[in-house]
Amino acid sequence: ELTSPPPIAELAADIIHLGVGVTPAILLAAEADWGWTDPAGARLADDAAPDPLVTGWLAEHGAPVFADDLEPVPPDLRELAERIFEGQAARAILPVRSGDELLGMILLPAQARRIRGRGLVFVERAADRLAEALLHARLARRAAERAELARELELAAAVQAELLPGRGPHVHGDVTVVGSWLPA
């Protein structure tokens, strides 16, 4: 039933809270550009948004990154990753991705106890389900837009048909007119 990213992210945060006792922040990648939004759907200012270089690496890397262990992060991106941790007061970042596209990030708070083992696996699975839900919402929204466009085209074709004379030959004296048309 959910077709908008903010309520989907809010539900995912609630599920993670129930599963591991930590309330994460979830940032969502904007579908149309390189921007980011918070779970409420408010756009983040460019200086508060994650850097595209880091997000590109996260999309490829796919594994959680921890503030106290930046070894997996390439050296030239570590400062940018640290900014995300500091700016969001996070201890861990879990990418929410589909293939090589980063759809969002789950940020586990710094004040939370260290989540490892089963708790981390739970949050990783929640990230996978969140990615599926976000993709499903995108597809549902696109299908609804296409259905609306199809209805509008049907209506336009009906209006065009009413403006034209009836089908069949029209005889005007010695002239017989025959025509056809396709709505566009």
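Our subject is the structure that appears above.
Residues numbered from 1 in each chain as written. Predicted model: local features only at pLDDT ≥ 70, side-chain atom pairs only at ≥ 80, totals over all residues. Heavy atoms only, no water.

Student: Before we move on, could you go through the sheet that holds strand S1 (residues 25-29) and cite the residues and values that matter?
Tutor: For sheets, the rule is that strands pair by backbone hydrogen bonds, running either parallel or antiparallel. The strand order across the open sheet formed by five strands is S2-S1-S5-S4-S3, and the pairing between neighbours is antiparallel. Only two strands of the sheet have a single neighbouring strand rather than two, namely strand S2 (36-37) and strand S3 (65-66). Two elements, S1 and strand S5 (residues 101-109), share four bridges in a ladder whose sense is antiparallel. The residue bridging Ala25 from the neighbouring strand is Leu107, located in S5. Sheet strands touched by helix H3 (residues 78-87): S3, strand S4 (90-98) and S5. Its angle to S4, the strand with the most contacts, is close to 110°. (Pairing = 2+ DSSP bridges. Helix = DSSP H or I, 4+ residues; strand = E, 2+ residues; numbered from the N terminus. Contact = heavy atoms within 4.5 Å. Axes fitted to C-alpha atoms, helices over the stretch in contact; angles between N-to-C directions.)

Student: So what's going on with the side chain of Arg138? Which residues, and what values?
Tutor: Tracing the backbone through its elements, the reader meets Arg138 in helix H4 (residues 117-163). Excluding its chain neighbours within four sequence positions, the residues that come into contact with Arg138 are Ala29, Glu31, Glu101 and Leu103.

Student: Describe the packing of helix H1 (residues 5-20) against H4, and please don't skip the residues or the numbers.
Tutor: Where H1 meets H4, the closest approach of the two axes is 10 Å, and the angle between their N-to-C directions is 165°. Put simply, H1 runs roughly antiparallel to H4. The way H1 lies across H4 gives a crossing that is right-handed. Contacts from Pro5, Ile8, Ala9, Ala12, Ile15, Ile16, Gly19 and Val20 in H1 reach Gly119, Phe122, Val123, Ala126, Leu130, Ala133, Leu134, Ala137 and Arg141 in H4. (Parallel < 35°, antiparallel > 145°, perpendicular 65-115°, else oblique. Left-handed = near helix turned anticlockwise from the far one by under 90°.)

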